[in-house]
Amino acid sequence: MSFWRDKTLHPYIPEIADEMLRGRVDRREFLRTATLLGMSATAAYGVAGKLTGGEIIPSANAQFLTGVPKGNFGGTLRVSMRVQPMTDPATFDWTEMSNVARQFLEYLVITGADNITRPFLCRRWAVSRDLKTWTLFLHQGLKWSNGDEFNADDVIFNFKRWLDPRTGSSNQSLFTAMTTSAPTGKQGRDGKPLMSTTMAPGAVEKIDDYTVRLHLNRGELALPESLYNYPTAIVHRRFADEGGDISKNPVGTGPYKLTQFKVGEKAVLQKRKDYWGGEPYLDRIVYVDHGDNPGASLAALASNQVDLVYETPVEQIDVVDKIPTAKIFETVTAQTAVARMQVDQKPFTDKRVRTAVRLCQDHDKLLLLAHRARGVAAEDHHVAPVHPDYAPLPGPAQDYRLAKKLLADAGFAGGLDLRIDCRKDPPWEVSLAQALAEMCKPVGIRIKINVMPNAQFSEIWDKTPFGLTAWTHRPLGFMVPNLAYRSGAQWNETHYSNPEYDRILDQASSTLDVKSRKQHMAKLQSILQEDAVIAQPFWRSIFAAGNKRVQGYELHPSVYHRLNKVWLA
């Protein structure tokens, strides 16, 4: 087969194809790795089909490979979703912000609901054998909505902003292979020197107007997937000079233009007639804010005021079934909520206290009580079975005897009073906090639940010593650890810092061999489980209710909206 002799392929692709033939990796892992190494999704599916004799194009992916089924042009899609403040895409911290922006801003790549990442604003990429040099080849002739041509300067501008500590972007934690750290000359509360992290010299190179090369200080396999993290939308190269507020100056490359925007009320997007990616089906998209109460969103759907709901709580599935015009979209995800403890705040400075909280969980029962068993039990390390790099570990078991002993050893033989902060909606998060509190009572841990309006919770989610935080889906297992548990990461809400954890995280991120990567992940998962910085009950399925006339919509595991291929029957 000419495939084996193709010198343009990354040298690891034939190797992993051979592993697939021998049954040592599955087709999913081959597809994901081959596409990350620069092979087109079409070619990767074709090779997988020829080598395994299986179906070449799974139905779930047919849309990407054979084009979208022809739909109806015209109409307005009305979506019930919070309309949140939307200023700088690099600092977005809620998916809803990105969903409005995603209709007029775009990304260098797209990761589909099948966890396969494909080129988008860059038409292809090439990567060196050691995964340290990535070359991005951009589309030519692609226009911004202001008429300017999209080019390498836009991409370079965005990388520089993401990696500038003054921007305050969580992206800096995703691209640590492009940064360097140096002492600031100041000390933190713990007496340790404060460090400043900036872009490493020469990390981004302009080859020509349509080619950008990234130079990493270590190999990184997941670089393309990190480019579809929701704060990595590409803004125009003059974004900062023109005010730095995307809601006031919504210049984008996407299929729609933002024509109205009012926080807490409405966002209206109008179709662009000159969109480079083909004509969108819908004339308009209108996001309508019905507040935090999911009942209001469902009532709007039932009364035909909207066509789609951003997300439907599991408690409402039975109600949706009774609405004649409605249907449910469902997908299995790596979405979760963690009861996380700040390791530098008493009493959580004591690992025995944190472990006692963790050992009180009956994960399966928490899933049943809080989410109607729609999902799978978690293992307190924030890597999900749906992640291709997940390493199976023995499931943690509830152990009240050991929890009581640890609590007594920590000086709390008479019991311990805690307060956990959680947001009001969705309701399952409150139910989860209540169920966890009940499970902790037998060992003397008395948890008071502070239910907060969502807007208030969003101000303190990373500051409270003990909080229940929802995390969205990421396609790879080591992506959230990079964001949330790496030392000094922007979203490190537990303040956890473990050099050994960071070191293994680097190893896992740069290892091509699937078997070796899983071994690194097993260590990574065990460390976080052992250090007990989170109690993580379960991974959950997600749902969205919509009118039956909504066609072409696929519920993304991260609830990312990309609606230009949606149409109304």
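As shown above, the structure is provided for reference.
Definitions and cut-offs
Residues numbered from 1 in each chain as written. Predicted model: local features only at pLDDT ≥ 70, side-chain atom pairs only at ≥ 80, totals over all residues. Heavy atoms only, no water. Helix = DSSP H or I, 4+ residues; strand = E, 2+ residues; numbered from the N terminus. Contact = heavy atoms within 4.5 Å. Polar contact = N/O pair within 3.5 Å; in protein donor to acceptor, adjacent residues only side chain to side chain. Pairing = 2+ DSSP bridges. Axes fitted to C-alpha atoms, helices over the stretch in contact; angles between N-to-C directions. Parallel < 35°, antiparallel > 145°, perpendicular 65-115°, else oblique. Left-handed = near helix turned anticlockwise from the far one by under 90°. Nonpolar A, V, L, I, M, F, W, Y, C, P; charged D, E, K, R; others polar. Core = buried A, V, L, I, M, F, W, Y, C linked by side-chain atoms within 4.5 Å. Buried < 20%, exposed > 50% of the residue type's maximum accessible area, 1.4 Å probe, protein only. Salt bridge = Lys/Arg side-chain N within 4 Å of Asp/Glu carboxyl O. Phe/Tyr/Trp six-rings, centres within 6.5 Å; stacked < 30°, edge-to-face > 60°. Lys NZ or Arg CZ within 6 Å of the ring centre and 35° of its normal.

The next point concerns the environment of K351. Within the fold, K351 resides in helix 11 (residues 351-359). For the pair K351 and D531, spaced 180 residues apart in the sequence, the C-alpha separation amounts to 6.7 Å. Among residues more than four places away in sequence, those in contact with K351 are E530 and D531. Here the side chain of K351 touches E530 through a polar contact of 3.3 Å, side chain to side chain.

This next bit is on the sheet that holds strand 9 (residues 211-215). Within a sheet, neighbouring strands are paired by backbone hydrogen bonds and run either parallel or antiparallel to one another. Within the open sheet, the four strands sit side by side as 4-5-9-8. Their pairing is antiparallel. For this open sheet the edge positions go to strand 4 (122-127) and strand 8 (204-208), each flanked by a neighbour on one side alone. Taking each pair of neighbouring strands and ignoring which way they run, the sheet shows an average axis angle of 20°. As paired strands, strand 5 (residues 133-138) and strand 9 are joined by five bridges and run antiparallel to one another.

Closest axis-to-axis distance for the helix 11/helix 13 (residues 400-409) pair is 8 Å, and the angle between their directions is 160°. With respect to helix 13, the axis of helix 11 lies roughly antiparallel. As for how helix 11 packs across helix 13, the hand of that crossing is left-handed. Contacts from R352, T355, A356 and L359 in helix 11 reach L402, A403, L406, L407 and D409 in helix 13. Here the contact of helix 11 with helix 13 is composed, by residue class, of six nonpolar, one polar and two charged.

Of all hydrophobic cores here, the largest spans 128 residues; its most connected members are F30, L108, L138, F159, L214, Y287 and Y485. Ranked by residue count, the leading element in this core is helix 6 (residues 152-162), at six residues. Excluding residues that lie within four positions of it along the chain, L214 makes contacts with K132, T133, W134, L136, F159, M178, A203, V204 and L223. If you look at the next biggest cluster of nonpolar residues, it comprises 36 residues, including F348, L367, A410 and L418.

Of all the ten residues making up helix 2 (residues 27-36), eight are buried; the element is thus mostly covered by neighbouring parts of the structure. Listed as buried for helix 2 are E29, F30, L31, R32, T33, A34, T35 and L36. Positioned one or two residues after helix 2, G38 has a phi angle of 105°, which is positive.

For the rest of this paragraph, the subject is the pairing of strand 1 (residues 76-80). Bridge count for strand 1 against strand 12 (residues 284-288) is five bridges, and the pairing is parallel. From the neighbouring strand, L77 faces strand 12, where its bridge partner is I285. Relative to strand 13 (residues 308-309), strand 1 runs parallel, the two being bridged by two bridges. Each residue of the ladder has a partner; that of V79, found in strand 13, is L308.

Along helix 1 (residues 12-21), seven of the ten residues are buried, which leaves the element largely enclosed by surrounding structure. Burial in helix 1 covers these residues: Y12, I13, P14, I16, A17, E19 and M20. In the stretch just after helix 1, G23 is the one whose phi turns positive, near 80°.

Before going further, it helps to spend a moment on the pattern of salt bridges. Under the defined criterion, the tally for this structure stands at 34 salt bridges. Among the salt bridges present, the one from E311 reaches R540, with a minimum N-O distance of 2.7 Å. A residue pair is termed long-range when its members are at least 10 positions apart, and E311 in the loop between strand 13 and helix 10 (317-321) and R540 in strand 20 (residues 538-547) qualify at 229 residues. When the shortest N-O distance is used, the salt bridge between K351 and D531 registers 3.9 Å. With a gap of 180 residues between them, K351 in helix 11 and D531 in helix 18 (residues 514-531) connect regions that are remote in the sequence. Residue D531 is classed as buried on the basis of its relative accessible area of 15%. Each of R218, E220, R486 and D506 takes part in a single network of salt bridges with overlapping partners.

Attention now goes to unusual backbone geometry. Here K346 and P347 are connected by a cis peptide whose omega angle stands at 0°. D425 connects to P426 through a cis peptide bond whose omega is 5°. Residue placement: P426 occurs in the loop between strand 16 (416-423) and helix 14 (427-440). Non-glycine residue R372 carries a positive phi angle of around 50°.

Moving on, we come to the packing of aromatic side chains. The way to describe two aromatic rings as a pair is by their centre distance and the angle between their planes. Counted according to the given criterion, the structure contains 18 aromatic pairs. Plain terms: the ring middles of Y496 and Y501 are 5.6 Å apart, the flat faces sit at 75° to each other, and that makes the pair edge-to-face. Of the two residues examined, Y496 and Y501, each falls in the buried class. A connected cluster of aromatic rings, assembled from ring pairs, spans Y107, Y228, Y230, W461, W471, W491 and Y560. Sitting over the ring of Y560, R102 keeps its end group 4.1 Å from the ring centre. Above the ring of F137, the side-chain terminus of R124 is found at 3.9 Å from the ring centroid.

With that settled, consider the environment of K132. In this structure, K132 sits in the loop between strand 4 and strand 5. In this structure K132 comes out as partly exposed when scored by relative accessible area, which is 34%. With sequence-adjacent residues up to four places away left out, K132 is seen in contact with L214, H215, L216, N217, R218 and G219.

Of the pairings in the sheet, the one linking strand 11 (residues 266-271) to strand 12 comprises five bridges and is antiparallel in character. Across the sheet, the residue bridging to V268 is V286, located in strand 12.

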